[in-house]
Each structure stands twice: as C-alpha cells, then as structure tokens.
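Report on the structure
Take a look at the letters that make up each chain.
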Amino acid sequence: MITHPFTYQAPSTLEEAVEELGRSGDSKVIAGGHSLLPLMKLGLAQPEALIDLRRIASLRAIRTESDGTIVIGALTTHRDIAHDPIVRAKLPALAEAAGAVGDLQVRARGTIGGSIAHADPAADEPAPALAYDATIRAVGPKGRRDIRASDYFKGTFETALADDEIIAEVRFPAPAGRSGSAYEKFAHPASGFAITGVAALVTLKADGGIERAAIGVTGAAAAAYRATAAEKALAGTNGDAKAIAAAAAKASDGIAALSDLAASSDYRKHLVTVFAKRAILRAVTRARA
Amino acid sequence: MGHTVTLTVNGTSYTREIEPTLLLVELLRETLSLTGTHVGCDTSQCGACTVLVDGRATKACTMLAVQADGATVITVEGLAKNSEMHPIQRAFAKEHALQCGFCTPGLMITAVDFLERNASPSDAEIRHAIEGNLCRCTGYHNIVNAIRSASAEMRQTAGVRPKVAAEVNR
Ligand SMILES: Cc1cc2nc3c(=O)[nH]c(=O)nc-3n(C[C@H](O)[C@H](O)[C@H](O)COP(=O)(O)OP(=O)(O)OC[C@H]3O[C@@H](n4cnc5c(N)ncnc54)[C@H](O)[C@@H]3O)c2cc1C
Ligand code: FES
Ligand code: FES
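In every chain, residue numbers begin from 1 and rise along the written sequence. Chain labels run from A onward and ligand labels from 1 onward, assigned in the order the entries are written. Given that this is a predicted model, residues contribute local features only at a pLDDT of at least 70 and side-chain atom pairs are listed and counted only at 80 or more, while totals for whole chains, interfaces and linings are drawn from all residues. For the side-chain quantities, the full set of heavy atoms in the structure was used; hydrogens and water were omitted.

Let us now look at the domain arrangement of chain A. Often, the extent of an interface is quoted as the loss of accessible area upon association of its parts. Residues and elements named next belong to chain A. Here the bounds of each domain stem from an automatic or database domain assignment. Split into domains, chain A comes out as domain 1 (7-52), domain 2 (58-172) and domain 3 (179-288). The gap between the C-alpha centroids of domain 1 and domain 2 is 19 Å. Each partner contributes residues to the interface: domain 1 has ten residues there, and domain 2 has 16 residues. Taken over both partners, the interface formed by domain 1 and domain 2 buries close to 980 Å², and the fraction arising from carbon and sulfur atoms is 82%. Of all residues in domain 1, the largest losses of buried area upon contact with domain 2 belong to Leu14, Val18 and His34, amounting jointly to 49% of the total for that side. The working definition used for a salt bridge is a side-chain nitrogen of Lys or Arg within 4 Å of a carboxyl oxygen of Asp or Glu. The interface formed by domain 1 and domain 2 includes zero salt bridges. Here the element with the most residues in the side of domain 1 that touches domain 2 is helix α1 (residues 14-23); it accounts for four residues. Note that Gly is not counted as nonpolar here; it falls among the polar residues with everything else outside the nonpolar set of Ala, Val, Leu, Ile, Met, Phe, Trp, Tyr, Cys and Pro and the charged set of Asp, Glu, Lys and Arg. Residue composition of the side of domain 1 that touches domain 2, by class: seven nonpolar, three polar and no charged. Whether two residues touch is decided by their heavy atoms; if any such pair falls within 4.5 Å, the residues are in contact. By buried area we mean how much accessible surface two parts lose on assembly, using a 1.4 Å probe and totalling the loss over both. In this description a helix means any DSSP run of H or I spanning at least four residues, a strand means any run of E spanning at least two, and both kinds are numbered starting from the N terminus.

Here it is as structure tokens:
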C-alpha cells in the first residue's frame, strides 16, 4: 500500500520527461519501479510527482553502432538483457549479471537504467558496467552528457548523475581482440542481492598471456569499484592458475568493506578474492576458446 | 487526481478511474474483485501476487495500476479455458503441490511464463525459476514435481492449446 499521494504522468518523449522532471524539485522518474515502489511503501521515498518512462520506446532498444559499441536503452529489462543474443555473445558478463538479478519476476520489470541510477551497493549490473568500461549517457535540461562508469559510482545510492538528469542509455564498447569475460556472484540467500559480485574482462596477447584485465566488483563496498591492483597484477602474466590466484588475492585491496548480518567485512574481503578468481578463470577460459 | 485506465484482464476490457497510488494488485482484488491473486508480503518478496502483464510474470504489488494502462493481464482466474483446467492446475492437484494454497496462484502463473519458454526444463532450472515465489507449507518438492509433470503435458499439447503467456509488445 502506498499512502503518500503523488501525481503521475507518462510522457512519450525523453525531452518531455526531462522538462517534467525539472518542473518540481520533488519529482522522480519511474522505470521498472522495483527499487522505487518498495521505498515509497516504506515512506523512505515520498516524491510529489512520478514521471513514468514506459512510453518512450526509444529507451527500450538494444543496438550495435558501426564501431561495435553495444548500446542498451535505459528501459531495457534485466530479462531482455539476459536473453539478448548480441549481449550474450559480446558481453557475457553483463548477460550473466542481468540473469542473476533477483528472481524471474524482478527481472521482468527491473531495468538497467534503474539499477545504474539507483546504485544499490549490492546491485549486479554496476560490476559489468565497470569491467567493460561502459559509458552512462544522461540527458538533462542542459543537454546530453557521457559519464564513464569509473567516474560514476560514488557511494551508497550516490552517483555522478544530477537530480534533473535521466539516463538514456548505457554504452558498452565492444571488447577488443582476443578477449573473454564472465560474472560470478555470491548471492544473499534471502534477498538475492550480491554479497559479492565480480565481473572480469581479459584480453590476451598473441602468445596467449594476459595483455590487460578489467575487473568490476559490487556488493563489497559502499560503491561498486574497479579492482585496479588485481588488474595490474594480472596484466603481463601467462594467465595460469597461479597468476590468476595471485592477482585475485588483490581484488579487495584498499577497500572499506561493508559489514552486516550476512557477511562481516573480513569475510566479504575474502569472498571478493574467491569470486574474482572464479570470474577471471572463466574469462581467461573463454578468451582462449 | 484521478486517471482513467483501460486494461484487459483475462480477456475482458475494463476502464476505471483510479488514483496513482493504487497498486495493480489492489486494482485486481479490490476494484475488479478478482481475489485469486493474493497479497502475502506487499514488499516484492513472496510472489503470491504474481500475474502475467503483457506475457511476463510480474509481482502485482510492485507495479502501479496506472502503469498497466493498455496492458494485457492474466490472473489465475484466466488460466482455465471453458471450465477446463490448465495443465499446470491439474498438475498441482495431482502432485499435491499445495497445502494452504496461499502461494499457489502466484506459483502457477510464474510456472506458466517459465514453461511456455522452456518446454523441457531440468529440476535445477525449475527451482531457479520459482526463486521469487515463497511457499511456507510444502517444502517445494511437490511444487517442482508438479511443474515437471505439467511440462510433459504441455509439450504434448503444444500448438493445440493457445499460449497464455505470449509476449505482448506495446
Ligand atoms: C525482490 C527484489 C530483489 C532484487 N534483487 C536484486 C538483485 O539481486 N540484484 C540487483 O542488482 N538488483 C536487485 N533488485 C533491484 C532491481 O534490480 C531493480 O530493478 C533496480 O535496482 C531498479 O530498476 P527499476 O527499473 O526497477 O528502477 P525504479 O525502481 O523505477 O527506479 C529506481 C531509482 O532510479 C531512478 N531511475 C530509474 N530509471 C532512471 C533513468 N533512466 N534515469 C534516471 N533515473 C532513473 C528512479 O527515479 C529511482 O530513484 C531487486 C529488487 C527486488 C524488488
Ligand atoms: S505480495 Fe507481492 S511479492 Fe509478496
Ligand atoms: S501451500 Fe501454503 S504457502 Fe504454499
């Protein structure tokens, strides 16, 4: 039950939605509603006006641009991302992360734009967004702006997005060369959210060794982050089990790990290294296949 | 401010004047008196409120009724056709997949969405598909048996019986 009254509208263009969002300081956009409506039921969010994006069909598509960039409209559901053949082939860590969100019903309604905008520290899709070096394209009253994922996640529910901006799409550069990627998640047994989630992308040299690695970690800290120490440790190695284990051991270096009933901060840091190892191992196996 | 919404529920078109705060599950149960869809938690956890919205299993407690304007909704009341039960309903009865029955409508709707897209699932896939539906009575074992048993019957009658959870693009 929602008791706090609000006005509702569903404009058919992004321009109108931006204009409506700017009209009142207390308005919010709604996409899948699977983070916002629970907050509104609890009274933790009490927007005066809801602007529903559902009629803006252009936000729902997945397309590939001429340079190979895979563009995912903000309104694309976790379910559609997980099943999309292009995403599965080119961005398997994203397909796996989307397929690991919540449950079947949550995936049917929740969207990538909502997940990235909401920035729950335990959300799945921020990890592949970081590993693939995705760009978040936001539209606001002053026009369009691209934000790199590595500059975007600031803290718990805190991002580089301004209150008057709407995410239009999330842009994933196609991984170059001989590369492979994977997502590994340790899910909270009750909520399904990530206690730890690691997305790994590796690119191989001609001799099969590791040229570079990009690792995005979610669930462990206040904000999803790039495990740069682990990336550096992996680059230039031959990519065998020992090198992977040594690099993965650095995946929680320097973080202030979250601590809650499900996992203490020490345990979380340990989980990050274990799931980083698994994700890197699968990424390397895929790159070599 | 009231909004006029028109939606199709179980094949019948309804137009109603509603407040934006009204949840889809409240519209179904309280406005349209379709009380087969249950509310267990009202916090998106239990899946008792699951209905098909445009062919996709959706927790109706986590969608505003105004968001369903123009949508095609199927509730548990829409599963039987011409008083003949859907294979999933027969399978739940046959396999003793319910005790109190509170979770049953939501579980059957989730199962129909799942089985119409995965005709021959493994038990692990069935268990993964019903992660969003909680049952406090059965221990799930017979529910998994029922979904597996329904999948066999649905494979045999595929093509004859129209799909319930066909995707609706709007
Ligand atoms: C039971 C349950 C389990 C879940 N489990 C998981 C899980 O395991 N992993 C996981 O990652 N997530 C999980 N989620 C969250 C789910 O993924 C949400 O779908 C997601 O966090 C928000 O997407 P949404 O489209 O529902 O956004 P909404 O709820 O509509 O919006 C969320 C916030 O983002 C803003 N917003 C939405 N779209 C945009 C946009 N395009 N531009 C700017 N701002 C926008 C809204 O104003 C709001 O503040 C779960 C949710 C539930 C209810
Ligand atoms: S009542 Fe909707 S999920 Fe429990
Ligand atoms: S049969 Fe009682 S909750 Fe499932």
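Resuming the write-up.
This next bit is on the packing of helix α2 (residues 87-94) of chain B against helix α3 (residues 104-115) of chain B. Residue and element names in this part refer to chain B. To define axes, lines are fitted to C-alpha atoms, for helices over the stretch in contact only, and angles between the resulting N-to-C directions are given on a 0 to 180 degree scale. Orientation of α2 relative to α3, taken along the N-to-C sense of each, is 125°, at an axis distance of 10 Å. One way to sum up the angle between α2 and α3 is to call them oblique. For the crossing formed where α2 meets α3, the hand is right-handed. Here Ile88, Gln89 and Phe92 of α2 come into contact with α3, specifically with Thr104, Leu107, Met108, Ala111, Val112 and Leu115. Across the contact of α2 with α3, the residue classes break down as seven nonpolar, two polar and no charged. Should an angle fall under 35 degrees it is taken as roughly parallel, and over 145 as roughly antiparallel, whereas 65 to 115 is taken as roughly perpendicular and any remaining angle as oblique. Take the far helix as your reference; a near helix turned counterclockwise from it by less than a right angle gives a left-handed crossing, and one turned clockwise gives a right-handed crossing.

Moving on: the environment of Gly99 of chain A. Residues and elements named next belong to chain A. Topologically, Gly99 is positioned in helix α5 (residues 92-99). Between buried and exposed lies partly exposed: a residue is buried under 20% and exposed over 50% of the maximum accessible area for its type, with that area taken using a 1.4 Å probe on protein chains only. Here Gly99 falls in the partly exposed class, since its relative accessible area comes to 22%. Separated by 18 residues in the primary sequence, Gly99 and Ile81 place their C-alpha atoms 7.9 Å from one another.

The next point concerns the packing of helix α11 (residues 241-248) of chain A against helix α12 (residues 265-288) of chain A. Residue and element names in this part refer to chain A. Remark: α11 packs on α12, axes separated minimally by 8 Å, with the N-to-C direction vectors making an angle of 140°. Put simply, α11 runs oblique to α12. For the element pair α11 and α12, the recorded crossing hand is right-handed. For the pair α11 and α12, the contacting residues are Ile244, Ala245 and Ala248 in the first and Thr273, Ala276, Lys277, Ile280, Leu281 and Val284 in the second. Per-class residue counts for the contact of α11 with α12 are seven nonpolar, one polar and one charged.

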